[in-house]
Amino acid sequence: MAVYTEVSDEELNAFIAQYDVGQLLSYKGIAEGVENSNYLVQTDTAYFILTLYEKRVNPDDLPFFLKLKEHLAGKGLSCPTPVASRDGELLGTLAGRPAALVTFLQGMSVKRPRPEHCEELGKAMAAMHLAGADYELTRKNALDLNGWRPLFEQSQDRCDTVHPGLGAEITAELDYLEKNWPKDLPSGVIHADLFTDNVFFLNDRLSGLIDFYFACNDALAYDIAICLNAWCFEQDLAFNVTKAKAMLKGYTSVRPLTAAEFDALPVLCRGAALRFLLTRLYDWLSVPEGALVTPKDPMEYLKKLRFHQTVDSANAYGLEG
Ligand SMILES: Nc1ncnc2c1ncn2[C@@H]1O[C@H](COP(=O)(O)OP(=O)(O)O)[C@@H](O)[C@H]1O
Ligand SMILES: N[C@@H](CCOP(=O)(O)O)C(=O)O
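Cut-offs and rules
Residues numbered from 1 in each chain as written. Chains lettered and ligands numbered in written order. Predicted model: local features only at pLDDT ≥ 70, side-chain atom pairs only at ≥ 80, totals over all residues. Heavy atoms only, no water. UniProt positions renumbered as here; feature names shortened; annotations may be inferred. Helix = DSSP H or I, 4+ residues; strand = E, 2+ residues; numbered from the N terminus. pLDDT = per-residue confidence, 0-100. Phe/Tyr/Trp six-rings, centres within 6.5 Å; stacked < 30°, edge-to-face > 60°. Buried < 20%, exposed > 50% of the residue type's maximum accessible area, 1.4 Å probe, protein only. Lys NZ or Arg CZ within 6 Å of the ring centre and 35° of its normal. Pairing = 2+ DSSP bridges. Axes fitted to C-alpha atoms, helices over the stretch in contact; angles between N-to-C directions. Near = heavy atom within 4 Å. Polar contact = N/O pair within 3.5 Å; in protein donor to acceptor, adjacent residues only side chain to side chain. Areas by Shrake-Rupley, 256 points an atom, 1.4 Å probe, with all protein chains shown as cover. Nonpolar A, V, L, I, M, F, W, Y, C, P; charged D, E, K, R; others polar. Contact = heavy atoms within 4.5 Å.

The name an unreviewed UniProt entry assigns to the protein is Homoserine kinase, from the organism Roseibium alexandrii. Heading Sequence similarities (unreviewed entry) of the UniProt record for the protein holds this comment: "Belongs to the pseudomonas-type ThrB family." If you open the UniProt record of the protein and go to Pathway (unreviewed entry), you find "Amino-acid biosynthesis; L-threonine biosynthesis; L-threonine from L-aspartate: step 4/5."

Structure, rendered in structure tokens:
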């Protein structure tokens, strides 16, 4: 997370008093992340995470996100659960923003995942896809193929200041994806941001998933493509097929892929790389003044995209078809 909205002691004490969680002992802003403002809150009963929802979150989507965590936890998936106020509300208001308190999840993310971590992630992602199958609420992916060009247009006039020729490269990729994006793949609830910082481990065993604020209904294999991008490149941006193979082995041990998903994987990986290139580009060019946030490097995703552009079959990701 980041901290965009500062909270005063008085405001926080009044907010916490609405919950049956004990007395506030301490709180501090969490610098990680980029989307919302997050605080680690300690009361005399437990630790909690307090989230104030910021610009990219539509308040109308909050019930989808909060109830999804309840639904998945109810199915045995380890993820934070929202804490209800004494009035039974999952969502409140703090410092003028929608806000929620969720349970603290034990564990730590890994910065440099090994193949074992990737396999664990694959299994957990597939388990989440199965657990989400009967979730009754739905949410369209606001950052799907239809959202990419309008998002790009917001950075287009300044994007070559980030890298010469970037605008032309993105335009060509959008043209390609608009012509080749797969339709009718198996779909359901996806996490859509299952990066390493959103997956916790304890002693190398996956202890839970966090940050469901991009979750939506979309092709299940698109979630895999996001994770291949986020987990399977080395620091020097070389693709590590051993990690990809481990992730896909873990995933398919829980939920086998259809032939159409197999065939679609290279184009889905290109789309996933472009999606994160575009949001990072936008954020890079629009850091709010005074915010405690470190924007993420858009160029990392341009390089990943270029790798996927060289791939002509899912075999390159270690899958045997
Ligand atoms: N439920 C939780 N339990 C423990 N730590 C959490 C929890 N939720 C968030 N965090 C911590 O806060 C950081 C940012 O949270 P995240 O949901 O990823 O924010 P953002 O949506 O802004 O990216 C995480 O990297 C983690 O350190
Ligand atoms: N994962 C995204 C940014 C959003 O990440 P968050 O987990 O910090 O909300 C990226 O790396 O571009």
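Caption draft 1: Seen up close, the UniProt feature "domain: Aminoglycoside phosphotransferase" (unreviewed entry) in the protein. Mapped onto the present numbering, the UniProt feature "domain: Aminoglycoside phosphotransferase" (unreviewed entry) falls on residues 27-257. Here residues 27-257 is 35% helix and 19% strand, with 44 Å between the C-alpha atoms at its ends.

Caption draft 2: Representation of the confidence of the model for the protein within the structure. Here the protein shows a mean pLDDT of 95. Residues at 70 or above account for 98%. Listed scores for the predicted complex are pTM 0.93 and ipTM 0.93.

Caption draft 3: Region of interest: the packing of aromatic side chains. By the definition in use, this model includes 17 aromatic pairs. Seen in terms of ring centroids, Phe65 and Tyr213 are 5.5 Å apart; in terms of plane orientation they differ by 85°. Their pairing is edge-to-face. Placement of the pair is Phe65 in helix α2 (residues 62-74) and Tyr213 in the loop between β8 (205-209) and β9 (216-219), with a sequence separation of 148 residues. A single burial state applies to Phe65 and to Tyr213, both of which are buried. Among the aromatic side chains, those forming a connected cluster through ring pairs are Tyr53, Phe64, Phe65, Tyr135 and Tyr213. Between the NZ or CZ atom of Arg270 and the centre of the ring of Tyr176, over which it lies, the distance is 3.6 Å.

Caption draft 4: Local environment of the sheet that holds strand β5 (residues 97-103). Read from one edge to the other, the open sheet built from five strands follows the order β1-β2-β3-β5-β4, with strand pairing classed as antiparallel. Strands with a single pairing partner mark the edges of an open sheet, and in this sheet they are β1 (24-29) and β4 (92-94). On average, each strand axis in the sheet is tilted by 35° relative to the strand beside it, whichever way the strands run. Note: strand β3 (residues 47-52) against β5, five bridges, orientation antiparallel. Residue Phe48 lies in a different strand from β5, and its bridge partner there is Thr103.

Caption draft 5: Main features of the site of ligand 2. In the neighbourhood of ligand 2, the contacting residues comprise Gly33, Val34, Glu35, Asp193, Phe195, Asp197, Asn198, Asp211, Phe276, Arg280 and Lys296. Residue Asp197 places a side-chain N or O atom 3.3 Å away from an oxygen atom belonging to ligand 2. For ligand 2, an oxygen atom lies 2.7 Å from a polar atom in the side chain of Arg280. Protein contact buries 96% of the 330 Å² of open area that ligand 2 shows by itself. For the shell around ligand 2, the residue count by class is three nonpolar, two polar and six charged.

Caption draft 6: Molecular detail of the environment of Tyr251. Looking at the secondary structure, you find Tyr251 in helix α7 (residues 241-254). Judged by relative accessible area, Tyr251 falls into the buried class, the value being 1%. In this structure, the C-alpha to C-alpha distance between Tyr251 and Asp44, residues 207 residues apart in sequence, is 40 Å. With sequence-adjacent residues up to four places away left out, Tyr251 is seen in contact with Gly122, Lys123, Met125, Ala126, His129, Leu220, Ile224 and Leu257.

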